[in-house]
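Coordinates in review
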Amino acid sequence: MARLALASVGREYPSQLAHVLFSDADAAPPRLLTPAFFGAYDWHSAVHGHFTLARAARVAPGGALERAARTALGRALTVENIAAEVSYAQARAGFELPYGAAWLLTLAAELGGWDDPDACEWSRALAPLERLSAERLGAWLERLPAPVRSGEHSQSMFATGLLLDWARARGRDERRVAERVRELHERDRDGPLHLEPSAFDFLSPCLATADLMRRVLSPEPFAAWLTRFLPRLELTPARCPDPSDGKLAHLDGLNLSRAWMLASIARALPAADPRRAPLAESARVHLGAGLAQVTGEHYEGAHWLGTFALYALTS
C-alpha cells in the first residue's frame, strides 16, 4: 500500500484538474499550482496518498519503505509549499469541498497523533492549510439544507465523519458538528439500501449515514435509530466489470469503504445486539473482496485504492 502511494504522489501525469482559471496566468502545470499535492492524478488523491505514507510509516516503522515515505512527506510538507497551497485555495472558495478538505484534516490528525520530531515539523508546516480546511468544511456543513446522499466525492456523510474524527483527535470543539449531524439525519428512516450500489459508487450513502450517526449517538439510541433507518442490512460485495475504467473502478473501493463502515457500525451497537456478529462477518467478506483488487495493475485504481485498503485495515 505504501508502494502504491509512493508511486503516485510524485507522479504528475496523467492529471485531472478541478481548476478555476481567472486569467491566462493561471494556465500552469499542477506542480506549480499546488506544489505540495500535485501528483496521484488529482489533488485529493495526493492528499490521502500522503496520509497513507504517514500512517504506514507510523504503524510499520523500519526499513526502506519508511525511509522513502519520510522522504516523500518531507518533500511535500514544507512551509513554502503549504503557503502556496493556502494561496491557491483562498482564491477558490469551493476548492475540494467536501472530500479533499476532509482528507486534508485526516492527514493533519495523523501527523498530530504521531510522536515523532519529523511529524511535528510537518504538522506545523501543514497547520495553515489545516485551519483553512476546517473553517471551510464547517461552514459548508452549516450551509447544507439537506444531506448530499451521493456515492462519490460530493457525499456529505463521509466527509462529516472525517471532520468529527479530526475534531476529536485534535481536541477541537465538536459540539456544533455533532448537532448538525443530528439535525440532518436523526429523522432518517427506511434507507434505500436495496438500490445500492450505483455504478460509480465508492461510498455507500446508506452505510455512510449509519457510520456517521454511530459517532454521535450512544449504543442504545444508535441501535434504535439503525432499526428505523436500515431494518434490513444485508449486502454482498460489489463486482467491478472493468478495473481499467476509472469510474467503474470505484466499485473496488466501495467494498473497502463498506468493510470499515460495517465493522464500525457493528462495534457501535450494544454488546448483546444480535446484529453485531453478522455485520462483522459482512465486513470481513467485503474487506477480502476489496483487498483482492488492490493490485496496482491499473493506475485508475492504483492511485487511490491503497489508501482505502490501509484505512480499512488500521482505522
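Look a little higher up for the structure.
The text that follows walks through the structure, step by step, so that each part is easy to find. Everything numeric in this text was worked out from a predicted model, so none of it was measured.

What follows concerns empty space enclosed by the protein. Scanning the entire structure with this criterion turns up three cavities of 30 Å³ or more. Here the largest cavity defines a volume of roughly 80 Å³. Trp 43, Ala 89, Phe 95, Glu 96, Ala 101, Leu 129, Leu 132, Ser 133 and Arg 136 are the residues that line the largest cavity. Counting residues per element, the lining of the largest cavity draws most heavily on helix H7 (residues 117–143), at four residues. Residue composition of the lining of the largest cavity, grouped by class: six nonpolar, one polar and two charged. Roughly 50 Å³ of volume is contained in the second largest cavity. Contributions of two or more residues to the lining of the second largest cavity are made by helix H1 (2–9), helix H3 (43–59) and helix H15 (305–314). Among the residues forming the lining of the second largest cavity, the class breakdown is five nonpolar, five polar and no charged.

A separate point is helix H12 (residues 250–268). Its 19 residues place the ends of H12 27 Å apart at the C-alpha level, agreeing with the 27 Å of an ideal helix rising 1.5 Å per residue. Of all 19 residues making up H12, 17 are buried, and the element is well covered by its neighbours.

Right, let's talk about the packing of aromatic side chains for a bit. The final tally for this structure, using the stated rule, is 20 aromatic pairs. A ring pair is formed by Tyr 99 and Phe 158, whose centres lie 6.0 Å apart and whose planes are at 35°; its orientation type is tilted. Taken as a pair, Tyr 99 in helix H6 (residues 99–112) and Phe 158 in helix H8 (residues 156–169) lie far apart in primary sequence, 59 residues in all. The two residues Tyr 99 and Phe 158 agree in class, both being buried. An aromatic cluster is present here, built from Phe 51, Tyr 99, Trp 103, Phe 158, Phe 202, Trp 260, Trp 304, Phe 308 and Tyr 311 joined pairwise through their rings. Geometry around Tyr 88 places Arg 92 over its ring, the cationic atom sitting 4.0 Å from the centre.

Burial in helix H11 (residues 219–229) covers these residues: Phe 222, Ala 223, Trp 225, Leu 226 and Phe 229. Mapping the buried residues of H11 onto a view down its axis gives an arc of 165°, with all of them on the same face. Where the residues of H11 are buried, they touch helix H9 (175–185), helix H10 (205–213) and H12.

The next subject is the pattern of salt bridges. Enumeration over the complete set of coordinates arrives at 23 salt bridges. The closest approach of N and O atoms between Arg 70 and Glu 66, which form a salt bridge, is 2.9 Å. Taken as a pair, Arg 70 and Glu 66 lie in helix H4 (residues 64–76) at a separation of four residues, close to a single helical turn. Taking relative accessible area as the criterion, Glu 66 reaches 14% and is therefore assigned buried. Note that Asp 273 and Arg 275 form a salt bridge whose closest N and O atoms lie 2.8 Å from each other. Look at Arg 275 and you get partly exposed, because its relative accessible area is 25%.

At the junction of Tyr 13 and Pro 14, the peptide bond is cis and its omega measures out at 0° in the coordinates. Considering the arrangement of structural elements, one finds Pro 14 in the loop between H1 and helix H2 (30–33). Looking along the chain, the bond that leaves Glu 196 and enters Pro 197 is cis, with omega of 0°. For Ala 40, which is not a glycine, the phi torsion comes out positive at approximately 60°. At Glu 96, a position not held by glycine, the phi torsion is positive, near 55°. Given a relative accessible area of 16%, Glu 96 falls into the buried group.

So, on to the layout of surface pockets. By volume, the largest pocket is sized at about 640 Å³. Along its surface, the largest pocket is lined by 33 residues, and Gln 16, Tyr 41, Asp 42, His 44 and His 153 are the ones closest to its centre. For the lining of the largest pocket, the elements supplying multiple residues, two or more each, are H2, H3 and helix H14 (299–302). Among the residues forming the lining of the largest pocket, the class breakdown is 16 nonpolar, 13 polar and four charged. Within this model, the second largest pocket holds a volume of roughly 450 Å³. With five residues, the single largest contributor to the lining of the second largest pocket is H12. The residue inventory of the lining of the second largest pocket, partitioned by class, reads 13 nonpolar, four polar and nine charged.

Another aspect to go through is the packing of H3 against H15. How two helices pack is summed up by the angle between their axes together with the distance between the axes. In the contact formed by H3 and H15, the axes pass within 9 Å of each other and the chain directions differ by 45°. With respect to each other, H3 and H15 are oriented oblique. Crossing handedness for the pair H3 and H15: left-handed. Across the interface between the two elements, His 48, Gly 49, Phe 51, Thr 52, Arg 55 and Ala 56 from H3 touch Thr 307, Leu 310, Tyr 311 and Thr 314 from H15. For the contact of H3 with H15, the per-class residue count stands at four nonpolar, five polar and one charged.

The rules behind each value
- Residues numbered from 1 in each chain as written.
- Predicted model: local features only at pLDDT ≥ 70, side-chain atom pairs only at ≥ 80, totals over all residues.
- Heavy atoms only, no water.
- 1 Å grid on protein atoms, 1.4 Å probe; cavity = no way out; pocket = protein on both sides within 12 Å on 5 of 7 lines; lining within 4 Å.
- Points joined across faces, edges and corners; volume = space filled by probe spheres on them.
- Helix = DSSP H or I, 4+ residues; strand = E, 2+ residues; numbered from the N terminus.
- Nonpolar A, V, L, I, M, F, W, Y, C, P; charged D, E, K, R; others polar.
- Expected span 1.5 Å × (residues − 1).
- Buried < 20%, exposed > 50% of the residue type's maximum accessible area, 1.4 Å probe, protein only.
- Phe/Tyr/Trp six-rings, centres within 6.5 Å; stacked < 30°, edge-to-face > 60°.
- Lys NZ or Arg CZ within 6 Å of the ring centre and 35° of its normal.
- Arc of directions from axis to C-beta.
- Contact = heavy atoms within 4.5 Å.
- Salt bridge = Lys/Arg side-chain N within 4 Å of Asp/Glu carboxyl O.
- Axes fitted to C-alpha atoms, helices over the stretch in contact; angles between N-to-C directions.
- Parallel < 35°, antiparallel > 145°, perpendicular 65-115°, else oblique.
- Left-handed = near helix turned anticlockwise from the far one by under 90°.

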